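So you can see what is in the structure, the chains are spelled out below.
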Amino acid sequence: MQDPLELLDIPSLLSDEERAIQATVAAYLTDHVRPHIASWFEEGILPRELARELARELGKLGVLGMHLEGYGCAGTSALAYGLACLELEAVDSGIRSFVSVQGSLSMYSIWKYGSEEQKQEWLPRLAAGEAIGCFGLTEPDFGSNPSGMRTRAVRDGADWVLNGTKMWITNGGLADVATVWARTEEGIRGFLVPRGTPGFSTQDVKQKLSMRASVTSELVLQDVRLPESARLPLATSLRAPLTCLSEARFGIVFGAVGAARDSLQAALEYSGTRIQFDKPIAAFQLTQRKLASMTVQVSNSMLLALHLARLKEAGTLKPEQISVGKYNNVESAIAIARESRTILGANGISLEYSPLRHANNLESVLTYEGTSDIHLLSIGHALTGIASFR
Ligand code: TGC
Ligand code: FAD
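Residues numbered from 1 in each chain as written. Chains lettered and ligands numbered in written order. Predicted model: local features only at pLDDT ≥ 70, side-chain atom pairs only at ≥ 80, totals over all residues.

For the protein, the name recorded in an unreviewed UniProt entry is Glutaryl-CoA dehydrogenase, with Lentzea cavernae as its organism. Regarding the protein, the relevant UniProt record gives this comment under Sequence similarities (unreviewed entry): "Belongs to the acyl-CoA dehydrogenase family." Quoted straight from UniProt, the Cofactor (unreviewed entry) entry for the protein says "FAD". (UniProt positions renumbered as here; feature names shortened; annotations may be inferred.)

Take a look at the structure:
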């Protein structure tokens, strides 16, 4: 029977291989992650051993750095990567974040800007989930405006010495290697900081109301001494980290569709069985209006994501086009998660159902990888030719 949410038959736009990859990722998550996600979220931790096991399992599944070529990466299409992100975020934004940061920020920064030795050392282990990576750009006082970063790297003989603090770093407390962006006399540069380097420490953020099944950390660098071979040789300005962000934002465009779809699915199922005034609540016109409107929005978001994937595969995708996708799909997803929650009534505030968990997570997704305001300004910049960020 056709899935009622697939009114437009969007899967018919995918190849057999793309559909097979999506189904494989979805099946793994249904069996191994979905049954545990509510308790991970409730406990507010992703214990180190569990995270390591999850990383290895996701590595075996081939989703870590799956759109990259070589070094043990699967080398799939951009669309296949997007579909994997969709299924990951349909379970929880924190799980998609784990994969986004590993593949699109940590691995991509090494793959695109690293030396051959750095690639050989880290990429196969990161792809297999034997090592975990993170990406430190944001600082306590510089989020939307990373160009003001205070973290400094100063030459000392043949070495570099790094000082500074990074904040809100996904996977920070778990990572075996951190890609850290720092200001130097020549401009912004990237460094690979292995866990255990003297002067480098991490502290996990507690009491989060969002992304509770994800590790978010502060990175502290106090006179961290690194050899020149730890610098990413091809990263020569702020453009490098911003290019990495484009990769991760692309995954979020799809991921948000997953969170929205899962919320809507929960609302649709519930509305068919919940009886009020002697009828299923799905029989009321106001409920149907909500369900119909959300279905149209999820379909629109998916078509937009597919279009951006085809542009990416053609090599023509521009940052402002990704901004359209990130802005639209995340704003739409959080509205859908909240609307779906209303259909569940009081049951909607329980972790037994996913919509409010998705809505809470999407508060972070709305903020990270460029807030909605920043993406609107990027679109405004493309429209008017005038940058109004500063
Ligand atoms: P600006 O002068 O505009 O740009 C500097 C250079 O970078 C280029 N550029 C980009 N290149 C590729 N992709 C993009 N998206 C790019 N945006 C800009 C630009 O062409 C320029 O190149 P060049 O060669 O001329 O020097 O820089 P600006 O300082 O004015 O800032 C612009 C702005 C505000 C758009 C940028 O700073 C920005 O995107 N801010 C938001 C910061 C952000 O998104 N941080 C995310 C941190 S990582 C994270 O949140 C991970 S969450 C975990 C998960 O993903 O799950
Ligand atoms: P601010 O930049 O202080 O913004 C505050 C408000 O001001 C926002 O509403 C913003 O839109 C608005 N604002 C700012 N500038 C302008 C402007 N020019 N015009 C109009 N409005 C403006 N960072 C990493 O580097 N790596 C990570 O792995 C990572 N993971 C994260 C995980 C989570 C769960 C969260 C919540 C954040 C993570 N971040 C990470 C940080 C994230 O990228 C930043 O939070 C984000 O870039 C916004 O920065 P900020 O929080 O400092 O907000």
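A.B. asks: In this structure, what is going on with the UniProt feature "domain: Acyl-CoA oxidase/dehydrogenase middle" (unreviewed entry) in the protein? I would like to understand it.
C.D. replies: When the UniProt feature table is mapped onto this chain numbering, "domain: Acyl-CoA oxidase/dehydrogenase middle" (unreviewed entry) sits at residues 134-224. Between the C-alpha atoms that bound residues 134-224 the distance is 17 Å, and the span itself is 0% helix and 55% strand. (Helix = DSSP H or I, 4+ residues; strand = E, 2+ residues; numbered from the N terminus.)

A.B. asks: So what exactly am I meant to see when it comes to the site of ligand 1 here?
C.D. replies: As a matter of local geometry, ligand 1 sits amid 26 residues, with Ser 97, Ser 147, Leu 242, Pro 319 and Tyr 368 nearest to it. For the shell around ligand 1, the secondary structure elements donating two or more residues are helix H5 (93-113), helix H7 (239-273) and helix H11 (372-384). Counting residues per element, the shell around ligand 1 draws most heavily on H7, which supplies six residues. When the residues that make up the shell around ligand 1 are grouped by side-chain class, the tally is 12 nonpolar, 12 polar and two charged. (Near = placed C-beta within 6 Å. Nonpolar A, V, L, I, M, F, W, Y, C, P; charged D, E, K, R; others polar.)

A.B. asks: Explain H5 to me, please; I cannot follow it from the model alone.
C.D. replies: Each α-helix winds once per 3.6 residues, and so residues spaced three or four apart point in a common direction. The sharpest bend along H5 measures roughly 40 degrees and falls at Met 107. When you tally the buried positions in H5, you get 20 out of 21 residues, the bulk of the element. (Bend = angle between axes of the 7 residues up to and from the residue. Buried ≥ 20, exposed ≤ 12 C-beta atoms within 10 Å, placed from the backbone.)

A.B. asks: Looking at this structure, how should I read the UniProt feature "domain: Acyl-CoA dehydrogenase/oxidase N-terminal" (unreviewed entry) in the protein?
C.D. replies: As recorded in UniProt, the sites labelled "domain: Acyl-CoA dehydrogenase/oxidase N-terminal" (unreviewed entry) are residues 15-130. Regarding residues 15-130, the helix share stands at 77% and the strand share at 0%, and the terminal C-alpha atoms are separated by 31 Å.

A.B. asks: How should I be thinking about the packing of helix H9 (residues 319-343) against H11 in this particular structure?
C.D. replies: Two quantities define a packed helix pair, namely the angle between the axes and the distance from one axis to the other. Running from amino to carboxyl end, H9 crosses H11 at an angle of 140 degrees, the nearest separation of the two axes being 9 Å. On the basis of their axis angle, the class for H9 and H11 is oblique. Two packed elements cross with a definite hand, and for H9 against H11 that hand is left-handed. Facing H9, whose interface residues are Pro 319, Glu 320, Ser 323, Val 324, Lys 326, Tyr 327, Val 330 and Glu 331, H11 presents Ser 372, His 375, Leu 376, Ser 378, Ile 379 and Ala 382. Taken together, the residues that form the contact of H9 with H11 break down as seven nonpolar, four polar and three charged. (Axes fitted to C-alpha atoms, helices over the stretch in contact; angles between N-to-C directions. Parallel < 35°, antiparallel > 145°, perpendicular 65-115°, else oblique. Left-handed = near helix turned anticlockwise from the far one by under 90°. Contact = placed C-beta atoms within 7 Å.)

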